[in-house]
Amino acid sequence: MATQTNSTEKVKSRGLEGVVALDTELSFIDGQVGELVYAGYDIRDLAKHTSFEEVAFLLWHGRLPNKSELSDLESRLRSERTLAPMILDVLAATPEDANPMAALRTATSALAHFDGEAEDPSREANLRKAIRLTARIPSIIASFDRVRKGKAAISPKGEGSTAFDFLYMLNGEEPGEAAENTFDVCLVLHAEHGLNASTFAARVISATLSDMYSAVTGAIGALKGPLHGGANIEVMKTLLQLDASGRNPREFVLDKLQRKERIMGFGHRVYKTMDPRAAILRDMVEDLSEESGNRKLYDMSMEIMETMEKEKGLYPNVDFFSASVYNMLGIDTDLYTPIFAMSRITGWTAHLLEQWKDNRLIRPRAEYTGPKGLQIVPIERR
Ligand code: ACO
């Protein structure tokens, strides 16, 4: 529970570290022991026993769905995946070398113009918008990837899970069961994570009583940064460079640390031990490596991990091993952060619904450190 202060009392915390800004029923993180819980359920159990769609329902409704609720949500998601022709036009007009997160940000913002309920603030309309956004973001990512490569966008199959239809729209062929299941687990693992930077950005926007599309567009912008979701792209670039150069991973890490540079995919504001999602993803990378008979990425990753733990006491976060999983699924490196967004959209929208249930403007203060009392010199004398 947050400590209440009166409006004249000031609490200063750089980067808001340690500040509890609000209450949430959506997720719990114990950064000391490496525990993550979505609405009461441990992430390890969810990854093993539930689908992404079940998790989406859990986050939006605070409980797991029964069979008919799940099949209703799945069919609503399937029926909402098709993009309006104008959105495809926006994607076609986007430069092919645009950052895919920037393309996603623009197209997601444009979705609002074709949603008759965009400005309807009722909870029912917002729930419907959450479903539409969750259905359409995968279509945007897959369509952008195809049009930038000079290929035609593929309409959704309107069948199967989010993971299935996304991989189908991206590759033009139905994924095998193993690839669909692996991808589905990744979506479960990325769905929700407390008041992280992008969720906080979304809640700040929503707390002004702006609309869901504005808040989600802002969240995508925040997730793009390499200190947040963008780290998974940087991780893959590093692993690919190491692989190509044949450089020793341990020496590479030591070199970077000596130069006071960061190793992406390590460290976390909340976890001071192994992120439980990273542990699940590490096992997935190991399994995929065994299946493919190529352990290169796994072995390099483990050497980096051991060096970071020994030298800095830092552990991998979710972005470190997810990068290798996506690489082994044959996905282009610059799509990793958009894929993060296609899962986190469920957490963002759940937080927006929660924010609007009991809204209060989010408005911290800044300490002024500039001069005072300056005299204005007329412009012609400056
Ligand atoms: N590599 C090397 N050193 C690091 C790293 C890293 N990845 N992360 C933190 N440190 C060091 C800092 O240099 C600092 O050391 P110092 O005290 O000697 O100066 C110390 O650890 C504390 O770092 P801060 O930046 O103050 O920690 P903060 O809580 O602000 O940062 C963050 C958390 C941004 C995630 C940081 O660990 C980082 O930059 N990691 C790399 C980027 C990354 O992987 N981001 C994804 C996070 S998970 C997610 O958002 C989905």
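Residues numbered from 1 in each chain as written. Predicted model: local features only at pLDDT ≥ 70, side-chain atom pairs only at ≥ 80, totals over all residues. Heavy atoms only, no water.

Asker: Mind showing me how you'd approach the overall build of the protein chain here?
Answerer: Summing up its helical and strand segments, the protein chain has 16 helices and three strands in all. Taking 21 Å as the expected radius of gyration for a compact globule of 382 residues, we find that the protein chain reaches 22 Å, a close match to that expectation. Counting only C-alpha atoms and orienting by the principal axes, one finds that the protein chain spans roughly 70 × 55 × 50 Å. When contacts within the protein chain are restricted to residue pairs at least 6 apart in sequence, those whose partners lie at least 24 apart make up 74%. Of the accessible surface of the protein chain, which amounts to about 18900 Å², a share of 49% is contributed by carbon and sulfur atoms. (Helix = DSSP H or I, 4+ residues; strand = E, 2+ residues; numbered from the N terminus. Rg over C-alpha atoms; globule rule 2.2 N^0.38 Å. Contact = heavy atoms within 4.5 Å. Areas by Shrake-Rupley, 256 points an atom, 1.4 Å probe, with all protein chains shown as cover.)

Asker: Just to check I follow, could you spell out the packing of aromatic side chains for this structure?
Answerer: The geometry of two aromatic rings is summed up by the distance between their centres and the angle between their planes. In this structure the tally under the stated criterion is five aromatic pairs. Each ring, one from Phe183 and one from Tyr326, has its centre 6.2 Å from the other, and the planes form 55 degrees; the classification is tilted. Linking Phe183 in helix α8 (residues 177-190) with Tyr326 in helix α15 (residues 318-328), this pair joins segments that are 143 residues apart in sequence. Each member of the pair, Phe183 together with Tyr326, is buried. Each ring, one from Phe266 and one from Phe320, has its centre 4.6 Å from the other, and the planes form 55 degrees; the classification is tilted. Of this pair, Phe266 sits in the loop between α12 (249-258) and α13 (276-292) while Phe320 sits in helix α15, and the two are 54 residues apart along the sequence. A residue is classified by how much of its surface remains accessible, and Phe266, at 9% relative accessible area, is buried. (Phe/Tyr/Trp six-rings, centres within 6.5 Å; stacked < 30°, edge-to-face > 60°. Buried < 20%, exposed > 50% of the residue type's maximum accessible area, 1.4 Å probe, protein only.)

Asker: Can you walk me through the packing of helix α14 (residues 296-312) against α15 in this structure?
Answerer: To describe two helices that pack against each other, one gives the angle between their axes and the distance between the axes. Remark: α14 packs on α15, axes separated minimally by 11 Å, with the N-to-C direction vectors making an angle of 175 degrees. The angle between α14 and α15 falls in the class roughly antiparallel. Along the contact surface, α14 presents Leu297, Ser301, Met302, Ile304 and Met305, while α15 presents Phe320, Phe321, Ser324, Asn327 and Met328. (Axes fitted to C-alpha atoms, helices over the stretch in contact; angles between N-to-C directions. Parallel < 35°, antiparallel > 145°, perpendicular 65-115°, else oblique.)

Asker: Could you clarify how one ought to interpret the site of the ligand in this entry?
Answerer: The ligand sits among 21 residues. The nearest are His228, Arg262, Ile263, Gly265 and Arg269. Within the side chain of Arg262, one N or O atom sits 2.7 Å away from an oxygen atom of the ligand. For the ligand, the protein covers 68% of the area, taking 910 Å² as the surface of the free molecule. Among the secondary structure elements, those contributing two or more residues to the shell around the ligand are α14 and α15. Of the residues assigned to the shell around the ligand, the class counts are eleven nonpolar, five polar and five charged. (Near = heavy atom within 4 Å. Polar contact = N/O pair within 3.5 Å; in protein donor to acceptor, adjacent residues only side chain to side chain. Nonpolar A, V, L, I, M, F, W, Y, C, P; charged D, E, K, R; others polar.)

Asker: Any chance you could explain α13 here in plain terms?
Answerer: In this model, α13 (17 residues) spans 25 Å end to end at C-alpha, consistent with the 24 Å of a helix rising 1.5 Å per residue. Residues of α13 that are buried include every one of Pro276, Arg277, Ala278, Ile280, Leu281, Met284, Val285, Leu288 and Ser289, and no others. Those residues of α13 that are buried lie in contact with β2 (35-38), α1 (43-49), α8, α14, α15 and α16 (336-357). Two residues or fewer past α13, Gly293 is found with a positive phi of approximately 75 degrees. (Expected span 1.5 Å × (residues − 1).)

Asker: Please explain the side chain of Thr337 as it appears in this structure.
Answerer: Along the chain, the position of Thr337 falls in helix α16. When its relative accessible area of 1% is taken as the criterion, Thr337 is described as buried. Within polar-contact distance, the side chain of Thr337 engages the side chain of Asn232 at 2.9 Å. Ignoring any residue separated from it by four or fewer positions in sequence, one finds Thr337 in contact with Met101, Leu223, Lys224, Gly229, Gly230, Asn232 and Ile233.

Asker: Whenever I open this one, unusual backbone geometry confuses me. Can you help?
Answerer: For residues other than glycine, phi is negative in most cases, and the peptide bonds are mostly trans. Of note, the phi angle at Leu16 is positive, near 55 degrees, even though the residue is not glycine. Positionally, Leu16 belongs in the segment before β1 (27-30). Positive phi, normally seen in glycine, also occurs at Leu209, with a value near 70 degrees. Mapped onto the fold, Leu209 is located in the loop between α9 (197-206) and α10 (212-223). By relative accessible area, Leu209 is classed as exposed at 63%.

Asker: What should I look at first to understand the pattern of salt bridges in this one?
Answerer: Pairing between side chains of opposite charge can happen when the charged atoms of each approach one another. Going through the model one piece at a time under the given rule, you end up with 30 salt bridges. Measuring nitrogen to oxygen at the nearest pair gives 3.9 Å for the salt bridge that ties Arg269 to Glu17. Of this pair, Arg269 sits in the loop between α12 and α13 while Glu17 sits in the segment before β1; the two residues are 252 residues apart in sequence, bridging distant segments of the chain. Taking the relative accessible area as the measure of exposure, Arg269 reaches 46% and is therefore partly exposed. A salt bridge links Arg132 to Asp115, with the shortest nitrogen-to-oxygen separation between them at 2.9 Å. Of this pair, Arg132 sits in helix α6 (residues 123-148) while Asp115 sits in the loop between α5 (100-111) and α6, placing them 17 residues apart in sequence. Comparing Arg132 with Asp115, the two get one shared label, buried. In the salt-bridge network here, residues are joined through shared partners; they are Glu80, Asp115, Glu117, Arg128, Arg132 and Arg136. (Salt bridge = Lys/Arg side-chain N within 4 Å of Asp/Glu carboxyl O.)

That is the geometry; function is a separate question.
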